[in-house]
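Survey of secondary and tertiary structure
In case you want the letters, here they are:
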Amino acid sequence: MRSPPRNKPLSDDKEDLELQALQRELDDAFATTRPRRAYEDELWLRMQARRPLWTRVRDMFGSLGSLFREAPAIPLGAVAVLLVVVIGASVLINSGLRLGTTHNSYSQGAAAPDLALSEFGKLPTPALHPGLVDRAPSALAATPEAPAVWSGANLYFGPANLRWTGQLPVEPPSQALVYQYSEPGPSVFDPFVASLGATSKQAAAQPGFLGTYSGQGFTVSLRGTVPELPREPYFVLTSANGAGATGNDPQTIAMNFLSFYGLFPNWPAAGGGTQQSGQQARVLFTRSFRLTAGQLAEVVDWNGEHYGIEVDLISSQVRTVSGPLPLSLVSTSYRLISNVDAVRMALASPPASSQAIQPVPTVDLNTVEEVYVLAVAHGQGFYEPAYLFSGTFQYNGQTYTKRVLVPLVDPSLRSP
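Now for a description of the structure that goes with this document. (Residues numbered from 1 in each chain as written. Predicted model: local features only at pLDDT ≥ 70, side-chain atom pairs only at ≥ 80, totals over all residues. Heavy atoms only, no water.)

Quick word on the overall build of the chain
A count of helices and strands for the chain gives eight helices and 18 strands. Across the 416 residues in the chain, those meeting the buried criterion constitute 39%. Put simply, 67% of the contacts in the chain that link residues at least 6 apart link residues at least 24 apart. Total accessible area on the chain is roughly 23,800 Å²; 55% of this is exposed by carbon and sulfur atoms. (Helix = DSSP H or I, 4+ residues; strand = E, 2+ residues; numbered from the N terminus. Buried < 20%, exposed > 50% of the residue type's maximum accessible area, 1.4 Å probe, protein only. Contact = heavy atoms within 4.5 Å. Areas by Shrake-Rupley, 256 points an atom, 1.4 Å probe, with all protein chains shown as cover.)

Overview of the sheet that holds strand 13 (residues 317-324)
An order of 4-5-6-7-13-12-9-8 is seen for the eight strands of this open sheet, with the pairing classed as antiparallel. Each edge of the open sheet carries a strand with a single partner, namely strand 4 (200-201) and strand 8 (272-277). Here strand 4 runs beside strand 5 (residues 211-215); their pairing, made up of two bridges, is antiparallel. Each residue of the ladder has a partner; that of Ser200, found in strand 5, is Ser214. (Pairing = 2+ DSSP bridges.)

Looking at the nonpolar core
Across soluble globular proteins, nonpolar side chains show a tendency to be buried alongside one another. The biggest cluster of nonpolar side chains holds 39 residues, and the ones touching the most others in it are Val220 and Val321. For this core, the element with the most residues is helix 7 (residues 250-261), which contributes five residues. The residues touching Val321, leaving out its near neighbours within four places in the chain, are Phe235, Val236, Leu237, Phe257, Leu258, Leu263, Ile309, Glu310 and Val311. If you look at the next biggest cluster of nonpolar residues, it comprises 26 residues, including Val178, Val368, Val404 and Val409. (Core = buried A, V, L, I, M, F, W, Y, C linked by side-chain atoms within 4.5 Å.)

Considering the pattern of salt bridges
Counted under the stated rule, the structure contains eight salt bridges. Notably, a salt bridge pairs Arg287 with Glu232, separated by 3.6 Å at the nearest N-O pair. Highlighted residues: Arg287 in the loop between strand 9 (280-286) and strand 10 (288-290) and Glu232 in the loop between strand 6 (218-223) and strand 7 (234-239), separated in sequence by 55 residues. The buried category is assigned to Arg287, whose relative accessible area is 8%. For Glu232, a relative accessible area of 2% puts it in the buried group. Linking Glu310 and Arg282 is a salt bridge whose minimum nitrogen-to-oxygen distance equals 3.7 Å. Pair noted here: Glu310 is in strand 12 (residues 308-314) and Arg282 is in strand 9, with a separation of 28 residues, a long-range link. With a relative accessible area of 16%, Arg282 lands in the buried category. Bridged by salt links that share partners, the residues Arg282, Glu310 and Asp312 form one connected network. (Salt bridge = Lys/Arg side-chain N within 4 Å of Asp/Glu carboxyl O.)

Brief notes about unusual backbone geometry
Put simply, Leu229 and Pro230 share a cis peptide bond, and its omega is -5°. Residue Pro359 is reached from Gln358 by a cis peptide bond, and omega for that bond is -5°. Unusually for a residue other than glycine, His378 sits at a positive phi of about 55°. Secondary-structure assignment places His378 in the loop between strand 16 (367-377) and strand 17 (380-395).

A closer look at helix 8 (residues 339-348)
All of the buried residues in helix 8 are Asn339, Asp341, Ala342, Val343 and Ala346. In the core, the buried residues of helix 8 are packed alongside strand 2 (161-164), strand 17 and strand 18 (398-407).

Details of the side chain of Ser239
Note that Ser239 resides in strand 7. If we ignore the near neighbours within four places in the chain, the residues touching Ser239 are Gly217, Phe218, Phe257, Val318 and Arg319.

Description of empty space enclosed by the protein
Inspection of the entire model under this criterion finds two cavities of 30 Å³ or more. Taken as a whole, the largest cavity holds about 50 Å³ of empty space. If you trace the largest cavity, you find it lined by Ala127, Pro230, Arg231, Glu232, Val300, Asp301, Trp302, Tyr307, Val373 and Leu374. Its residues assigned to classes, the lining of the largest cavity comprises seven nonpolar, no polar and three charged. (1 Å grid on protein atoms, 1.4 Å probe; cavity = no way out; pocket = protein on both sides within 12 Å on 5 of 7 lines; lining within 4 Å. Points joined across faces, edges and corners; volume = space filled by probe spheres on them. Nonpolar A, V, L, I, M, F, W, Y, C, P; charged D, E, K, R; others polar.)

Here's what the structure looks like:
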């Protein structure tokens, strides 16, 4: 051991003793240093938060019993947090929430709120209304009467024993678009009339119409929605001389006439065709909407008949044109029922008419078509997807067609 230096002052010994005492205190402090209060609780919670959610939920129940047996080894703050998690998970499970599960069909019901309801709300239910007749267009003097063969006189909507014997289409997507319009006013009517070249409004409109306007060689009458049919706002143009219509067949004449007045349909091209009886002819450009999968679904009216823009001719001259007014439509998706549910609802649906054939016929529904149909509520119209089932039967030597309409939007998203 080294000997202390000679001639060292007494004060130096005192300082050495004080330094040694401070060194011992410092060593003792480092040897016993602990994190600040509650630091371990916070560190443990941070480690737990980094674990996957499913692992935490799984371990939560497995370790609950041992948690209390080993309570001194686990911070009390962590125990409190776990208790909150357990209680919260119990509440969520009892409330019916199921993570990672969706339901699309009618029979299963909804698992989560539909975004569609925040836009359009619950929808009115479309239905067939046989027996109703739209009389307003016949008030126009120049409108030709349709031949009886076009009237659909052999449609039957009364009671029947129904069986499904057809082939269902490919299962539709879980959702489809519903299209909505709001009842139009002058901001829609005036530009439309002006685009046709009508320059003056008659003092008295034709019966059943909102207004009648005159142009060179024609008049055009406008009508609002007819909810009881239902029918959207539409126009009837009556031509005095068929100006602008040339061609060798009714369809060519009709297309040239529509192009001349800018009335050619702005919806996707669909079916239609020409019906003729003697000197009269009717050319139909069927209204349609494009489905999610890309196909076209045509629109049907309150009798289940396809409709759109109609051009009526007499002796190869256009006499009247009628069709839906061009309106701004907005759309949003709604959940659909399954094919199985659609068939079940078709077979159980009440008859659309009380007029019955005796004995009650048995009808094999063997055809189904995906269509759009209009429903009206609170000054707004909704074009909704539906299945139109049909089948034929014989009665007194005549063939009758039975039609059944099944709306495809989930019933839980409809008004009562």
